[in-house]
Amino acid sequence: MSNKKKSEKSEYPSLADIRETLSQVDEKRKDASLSKEEREILELSAVALRDAERLAISRLQQVVVKEMEASTAAINKLAKQIRSKVTRMNKVPGAINKIEAVIKIAVAILSAVGKWW
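So, a few notes on the structure that sits alongside this text.

Cut-off values and rules
Residues numbered from 1 in each chain as written. Predicted model: local features only at pLDDT ≥ 70, side-chain atom pairs only at ≥ 80, totals over all residues. Heavy atoms only, no water. Helix = DSSP H or I, 4+ residues; strand = E, 2+ residues; numbered from the N terminus. Expected span 1.5 Å × (residues − 1). Buried < 20%, exposed > 50% of the residue type's maximum accessible area, 1.4 Å probe, protein only. Arc of directions from axis to C-beta. Patch = residues over 30% accessible without salt bridge, like charges linked within 9 Å, V, L, I, M, F, W, Y side chains within 5 Å. Areas by Shrake-Rupley, 256 points an atom, 1.4 Å probe, with all protein chains shown as cover. Salt bridge = Lys/Arg side-chain N within 4 Å of Asp/Glu carboxyl O.

### Description of helix H2 (residues 15–29)
Residues separated by three or four positions in an α-helix point in the same direction, a consequence of the helix having 3.6 residues per turn.
Turning to step 1, where the next piece is worked out: Taking 1.5 Å as the rise per residue, H2 with 15 residues should run 21 Å; its terminal C-alpha atoms sit 21 Å apart, in good agreement.
Turning to step 2, where the next piece is worked out: Inspection of H2 places Leu15, Ile18, Leu22 and Val25 among the buried residues, and these make up the whole buried set. For H2, the arc enclosing every buried residue in end-on projection is 90 degrees, short of the 170-degree limit, so these residues lie on one face. Opposite the buried face of H2, by more than 90 degrees, sit the exposed residues Ala16 and Lys28.

What follows is the structure in structure tokens.
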């Protein structure tokens, strides 16, 4: 029971709930039979609901930013791993090219020596 009360107090109304309530208030404000006082109360309610809507959007943006930062960190980590593996993979062809050059020189030397014999 106390857990339920804590969660109810810490939870905010959803953006959809706020917009639905705002829509209802806007519809009631159109009523021509409202007194000046009732209209002012509804207008103040609409302003408060718009502020709540902005806060809800701000909270959603913060959540999205945090998720994007977490995703970016994971992507950066993967990119670093990929660069590392590509660097290691590029070392093998480089070594093969060097060995090939040495073999070509050795063959050229052996060919030259073979011509002398």
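There's more to say after this.
### Section: a nonpolar patch on the surface
Turning to step 1, where the next piece is worked out: On the surface, Ile105, Ile109, Val113, Trp116 and Trp117 cluster together into a nonpolar patch covering about 700 Å² of accessible area.
Turning to step 2, where the next piece is worked out: Mapped onto the elements of the fold, Val113 is located in helix H3 (residues 36–116).
Turning to step 3, where the next piece is worked out: For Val113, a relative accessible area of 32% corresponds to the partly exposed category.

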